[in-house]
Structures are given as C-alpha cells and as structure tokens.
Amino acid sequence: MADAMNGQLTDDQRRILDYTKQHRGTAEITLAVNGSAVMAAGFIMARTRR
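This one's a predicted model, so the numbers in the text were calculated from it and none came from an experiment. (Residues numbered from 1 in each chain as written. Predicted model: local features only at pLDDT ≥ 70, side-chain atom pairs only at ≥ 80, totals over all residues. Heavy atoms only, no water.)

1. Things to note about the overall build of the protein
A count of helices and strands for the protein gives 2 helices and 0 strands. Per-residue burial over the protein gives 20% buried out of 50 residues. Looking at the protein as shown, the accessible area adds up to about 4,000 Å², and 54% of this sits on carbon and sulfur atoms. (Helix = DSSP H or I, 4+ residues; strand = E, 2+ residues; numbered from the N terminus. Buried < 20%, exposed > 50% of the residue type's maximum accessible area, 1.4 Å probe, protein only. Areas by Shrake-Rupley, 256 points an atom, 1.4 Å probe, with all protein chains shown as cover.)

2. Considering the side chain of Thr20
Examined against the element boundaries, Thr20 turns out to sit in helix H1 (residues 11-22). Its relative accessible area of 16% is what places Thr20 among the buried residues. Setting aside its immediate chain neighbours within four residues, Thr20 contacts Thr30 and Leu31. (Contact = heavy atoms within 4.5 Å.)

Given below as structure tokens:
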C-alpha cells in the first residue's frame, strides 16, 4: 500500500506523475493537485526523492 507522507505513490499516481514529467515541455510546474496538502504530499515527496 502506498504511503503518501513517505513519498510512496500508488501505481496510478506513479503513472500520472511519469506522464506529466514526460509531457511538461518547458513548464516550471510539473503537476498541480487540486486538494488538500495530504493529497499532494505523495507527489511532492516522490518528486523530491528522484
């Protein structure tokens, strides 16, 4: 099971993040999450660990 606070994403979340990184072009922001900090935490932690 994924743990958002430790930067572990579900398979679906990982696919979303990988897709946005591949198709962001010159955008400074890779992915925006519309929700609480808890919803965004996994993406933030995963991104900073790579």
